[in-house]
Amino acid sequence: MGRLNIIDFGLSERTNDYKRNFFYQLDAQLKRIHQSGGIVRNFNPQSVFVEEETRTPSFQAVYPSSNSFFDSEDLKRAQIEDIEMLSSLAFCVYLSDGESGYNLDNGLLQFSVLQSNMDFVKTYFPEEDIEYYSQVFGNLEEPIYYSDYIDRKMSQSSSLGNSRTLTKSTEAGRAMAQNSGEAAYVNYILMFTMVAVLTMLSIFAYLFIFN
């Protein structure tokens, strides 16, 4: 099964719904990595991939946090930095839309620079996500995950009687290509579970090598 980095895959040219679903899946993987004692560090657009067959996003490498940080506070800070860099990547992807958009080959824009210009930055995020990214580009004291944010919004929407009819995709990649709005995010489960075991195995492989 081949994979392409998100530049070659053409993520910039996809719809906002597609991008939101992509970052939902990528964030959910990041959360699993953190829960398993790993960190990512590298969020360069050339180091974030999409599996060609399943359209599932993945990171180039996962690193064992146990060899890098001395205590829980250091680890928490590293996890927050992962979330900050993922949010910077999301901004760069949204900014890259269109022929005159940002060139992802230039890598990530500095989080601190974006943080200082949040009034400008938030205009590029989908309206539904501004609340989440405003928190991230503030001063985080605890890790907060985009996937949790979306799940919570969907749960609240459902509890208010605004639940939508969801259609199960018959092909793994079809969920990202055809569904729209927040309902599309539920379909991530269908694809994400296909690679969850592989992701976990890669984490433990790194942990074993570096320990």
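Residues numbered from 1 in each chain as written. Predicted model: local features only at pLDDT ≥ 70, side-chain atom pairs only at ≥ 80, totals over all residues. Heavy atoms only, no water.

1. Observations regarding the overall build of the protein
Argument step 1. The secondary structure content of the protein amounts to 10 helices and five strands.
Argument step 2. Each of the 211 residues in the protein was classed as buried or not, and the buried ones make up 47%.
Argument step 3. Pairs at least 24 apart in sequence give 69% of the contacts found in the protein among residues at least 6 apart.
Argument step 4. Looking at the protein as shown, the accessible area adds up to about 10800 Å², and 48% of this sits on carbon and sulfur atoms. (Helix = DSSP H or I, 4+ residues; strand = E, 2+ residues; numbered from the N terminus. Buried < 20%, exposed > 50% of the residue type's maximum accessible area, 1.4 Å probe, protein only. Contact = heavy atoms within 4.5 Å. Areas by Shrake-Rupley, 256 points an atom, 1.4 Å probe, with all protein chains shown as cover.)

2. Let's talk about unusual backbone geometry
Argument step 1. The phi angle at R41 is positive, at roughly 75 degrees, despite the residue not being glycine.
Argument step 2. Following the sequence through the fold, R41 ends up in the loop between β2 (38-39) and β3 (48-51).
Argument step 3. We note that R55 has phi near 60 degrees; this positive angle belongs to a residue other than glycine.
Argument step 4. Counting through the fold element by element, R55 comes out in the loop between β3 and β4 (57-59).

3. Here's the deal with the side chain of S47
Argument step 1. Residue position: S47 is located in the loop between β2 and β3.
Argument step 2. Here the side chain of S47 touches N42 through a polar contact of 3.0 Å, side chain to side chain.
Argument step 3. Filtering out sequence-adjacent residues up to four positions away, S47 remains in contact with N42, S58, F59 and Q60. (Polar contact = N/O pair within 3.5 Å; in protein donor to acceptor, adjacent residues only side chain to side chain.)

4. Topic: helix α2 (residues 16-35)
Argument step 1. The terminal C-alpha atoms of α2 lie 28 Å apart, and with 20 residues this matches the ideal 28 Å at 1.5 Å per residue to within 8%.
Argument step 2. With its phi angle positive at about 90 degrees, G37 sits one or two positions after the end of α2. (Expected span 1.5 Å × (residues − 1).)

5. Here we look at the pattern of salt bridges
Argument step 1. A full pass over the atoms with the stated rule returns six salt bridges.
Argument step 2. One salt bridge in this structure joins E142 and K76, with 3.0 Å as the shortest N-O distance. Of this pair, E142 sits in the loop between α6 (130-136) and α7 (146-159) while K76 sits in helix α3 (residues 72-95), and the two are 66 residues apart along the sequence.
Argument step 3. Relative accessible area serves as the criterion here: at 46%, E142 is assigned to the partly exposed category.
Argument step 4. With a closest N to O distance of 3.7 Å, E81 and R77 form a salt bridge. With E81 and R77 both in helix α3 and four residues apart, this pair spans about one turn of that helix.
Argument step 5. Owing to a relative accessible area of 32%, R77 belongs among the partly exposed residues under this scheme. (Salt bridge = Lys/Arg side-chain N within 4 Å of Asp/Glu carboxyl O.)

6. Details of the packing of α2 against α3
Argument step 1. It is at 11 Å that the axes of α2 and α3 come closest, and there the two elements cross at 165 degrees. Relative to α3, the element α2 lies roughly antiparallel. The two elements α2 and α3 cross, and the hand of that crossing is right-handed. Two secondary-structure elements touch here, α2 through N16, K19, R20, F23, L26, D27, L30 and H34 and α3 through Q79, D82, I83, L86, L89, A90, V93 and Y94.
Argument step 2. The residue inventory of the contact of α2 with α3, partitioned by class, reads nine nonpolar, three polar and four charged. (Axes fitted to C-alpha atoms, helices over the stretch in contact; angles between N-to-C directions. Parallel < 35°, antiparallel > 145°, perpendicular 65-115°, else oblique. Left-handed = near helix turned anticlockwise from the far one by under 90°. Nonpolar A, V, L, I, M, F, W, Y, C, P; charged D, E, K, R; others polar.)

7. Some remarks on the packing of aromatic side chains
Argument step 1. Under the definition given, this model contains 17 aromatic pairs.
Argument step 2. Taking 6.5 Å as the distance between ring centres and 70 degrees as the angle between the ring planes, the aromatic pair formed by F91 and F120 counts as edge-to-face. Pair noted here: F91 is in helix α3 and F120 is in helix α5 (residues 118-121), with a separation of 29 residues, a long-range link.
Argument step 3. Accessibility expressed as a relative area gives 44% for F120, which makes it partly exposed.
Argument step 4. The positively charged end of R3 is found above the aromatic ring belonging to F49, 4.0 Å away from the centroid.
Argument step 5. Lying across the ring of F9, R14 places its NZ or CZ 4.3 Å from the centre. (Phe/Tyr/Trp six-rings, centres within 6.5 Å; stacked < 30°, edge-to-face > 60°. Lys NZ or Arg CZ within 6 Å of the ring centre and 35° of its normal.)

These figures capture arrangement, not role.
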